[in-house]
Amino acid sequence: MDFFSLEPEEIISAAESLGFSCTGHIQQLNSMENRVFDLRLEDGSHLISKFYRPGRWNREAIEDEHRFLAHLISSEIPVCAPLERDGVSLFEARGLYFALWQRTGGRLIDEFNHDILRRIGGYLARIHVAGRGISLDHRPRMDGAFMVARHRDYLHEQNLLPDALAGRYDELSAYLELSAANLEKQSAYQPIHGDCHTGNMLLGDGGLFFLDFDDAMTGPPIQDMWMVVSDSAEAQDRKTAAFLEGYEQFAAFPMESIRFRELMRALRYIAYNGWIARRRDDPAVSRAFPDFGSREYWEGFILDLEDQIDQIERDSGYQAGGSAPQPAVQGPDEPELSDEDYFFDLDDGRWTPGQQ
């Protein structure tokens, strides 16, 4: 069974091996990390079949995700949890791990108004409160080693950085690694969603619910908040106020961590670039990022990273990792980045650093 070219017969056979009766109708859904399919069943209902990318998570780490979801369901929090057979939710088909979900109807939220943001804040507070009751022993900790150092090491091991830009990347990433260490010292870490952007929540007949805990980890609650409120500086403050109004109905938000919003964005920037690097030979990823690895790509990435570090320094006057590295090139003013620049699954998966 080849993860990169799964055949419909293999996908359907995996579901039928667990007792489901499929019609043969199958549709691939948008996901570049895993392989996700909608299967129609004989009774007219639908299953979502998710095949996990080999080598990313081991069985124990995936089971941590499923255990987190089951814990949230038991706390009556609206998330999508995988189906079980005899108490088991993770299965294997010819060397590939997969899981099945009942398809849940819903739509992406088209307007993040005050009411929606308040509701999201309330639900995330409940997720965080429930999360304090478990541990994710086989999942990563959101620290400088995981978010920055491992990506820098990989780029050097694979000789992906142009020699003329490698030193500058090292300088900027070292600043962010130290900043992540400072964040960890000043924040309470706990199980979080980890990738709680606007594409991972839906509105359905039963109300708001959350999807895709594939990046669940131990980290600071601000990681789940900043993705929801991401916007221009003024709009971000308004969104934050609405979010907190809902959150603090259920739990006290660590207010001192709000100043780390732009740092979280920069860490995402580094980690997302490292994700592309590791997936560059995947046909789906190479099609989405055809310019990855070019000199122009890296020049744009460095400039954007410098701009983001400038923003970190401006945000409440906070110096995340000491004095910020001075820009190597002073470029013209550029528009602020939006969600689509950081979250590929909000649109058609086209994003290249340095291109607006």
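Heads up: the structure comes first, above all this text.
Keep in mind the model is a prediction, meaning the values are calculated, not measured. Position numbers for residues start from 1 in each chain and track the written sequence from start to end. Where local features are concerned, this predicted model is filtered to residues with pLDDT of at least 70; where side-chain atom pairs are given and counted, the filter is 80 or more; whole-chain, interface and lining totals use all residues. Excluding hydrogens and water, the side-chain figures rest on all heavy atoms present in the structure.

(A) Spatial organisation of the overall build of the protein chain. In DSSP terms, a helix is any run of H or I states spanning at least four residues, a strand is any run of E spanning at least two, and both are numbered starting from the N terminus. Tallying secondary structure elements over the protein chain gives ten helices and ten strands in all. Burial analysis of the protein chain (356 residues in total) assigns 55% to the buried set. A separation of at least 24 residues holds for 71% of the contacts in the protein chain among residues at least 6 apart in sequence. Accessible surface for the protein chain amounts to roughly 15600 Å². Of this, 46% is attributable to carbon and sulfur atoms. Only protein chains enter the accessibility calculation, which uses a 1.4 Å probe; a residue whose area is less than 20% of its type maximum is buried, one above 50% is exposed, and one in between is partly exposed. Contact between two residues is taken to exist if any of their heavy atoms lie within 4.5 Å; hydrogens are not considered. Accessible surface area values rest on a Shrake-Rupley calculation with a 1.4 Å probe, where residue burial reflects the displayed protein chains alone.

(B) Spatial organisation of the packing of helix H8 (residues 261-278) against helix H10 (residues 295-314). Interaxial distance between H8 and H10 falls to 8 Å at its minimum, and their mutual angle equals 160°. Between H8 and H10, the angle is such that the two are roughly antiparallel. At the point where H8 passes H10, the crossing takes the left-handed sense. Residue-level inspection shows Glu 262, Leu 263, Arg 265, Ala 266, Tyr 269, Ile 270, Asn 273 and Ile 276 of H8 in contact with H10, the latter providing Tyr 297, Trp 298, Phe 301, Asp 304, Leu 305, Gln 308, Gln 311 and Ile 312. Residues belonging to the contact of H8 with H10 are distributed by class as follows: ten nonpolar, three polar and three charged. Each axis is a line fitted through C-alpha atoms, and for a helix only the stretch in contact is used; angles between axes span 0 to 180 degrees, taken between their N-to-C directions. Comment on the angle field: the value is read as roughly parallel under 35 degrees, roughly antiparallel over 145, roughly perpendicular from 65 to 115, and oblique elsewhere. Two helices crossing with the near one rotated counterclockwise from the far one by less than a right angle form a left-handed crossing, whereas a clockwise rotation gives a right-handed crossing. Residues are grouped as follows: Ala, Val, Leu, Ile, Met, Phe, Trp, Tyr, Cys and Pro are nonpolar; Asp, Glu, Lys and Arg are charged; every other residue, Gly included, is polar.

(C) Broad picture of the nonpolar core. The term nonpolar core refers to a set of buried residues drawn from Ala, Val, Leu, Ile, Met, Phe, Trp, Tyr and Cys, joined through side-chain atoms within 4.5 Å. Counting residues in each nonpolar core, the largest one holds 80 residues, and the members touching the most others are Ile 120, Leu 176, Phe 210 and Phe 243. Here this core takes eleven residues from H8, the largest share from any one element. If near-sequence neighbours (up to four positions away) are discounted, Ile 120 is found in contact with Ile 109, Phe 112, Met 201, Leu 208, Phe 210, Val 228 and Phe 243. Ranked by size, the runner-up nonpolar core spans 19 residues in total, among them Phe 3, Ile 11, Phe 37 and Phe 98.

(D) Inspection of the pattern of salt bridges at higher detail. Think of a salt bridge as a Lys or Arg side-chain nitrogen and an Asp or Glu carboxyl oxygen that are within 4 Å of each other. What the rule picks out here adds up to 28 salt bridges. Residue Arg 56 pairs with Asp 214 through a salt bridge whose shortest N-O separation is 2.2 Å. With Arg 56 in the loop between strand E3 (46-51) and helix H2 (59-74) and Asp 214 in the loop between strand E9 (207-210) and strand E10 (217-219), the pair connects residues that are 158 residues apart, well separated along the chain. Of the residues examined, Asp 214 reaches a relative accessible area of 3% and is grouped as buried. A salt bridge links Arg 118 to Asp 115; the nearest nitrogen and oxygen atoms lie 2.7 Å apart. Taken together, the positions of Arg 118 and Asp 115, both in helix H3 (residues 114-131) and three residues apart, correspond to about one turn of that helix. Among the charged side chains, a network of salt bridges with common partners joins Glu 33, Arg 35, Lys 50, Arg 53, Arg 56, Glu 65, Arg 139, Asp 214, Asp 215, Arg 279 and Asp 282.

(E) Up close: the environment of Leu 72. Structurally, the position occupied by Leu 72 is in helix H2. For the pair Leu 72 and Arg 126, spaced 54 residues apart in sequence, the C-alpha separation works out to 8.7 Å. With residues near it in sequence (within four places) discarded, Leu 72 still touches Ile 77, Val 79, Ile 127, Ala 130 and Phe 213.

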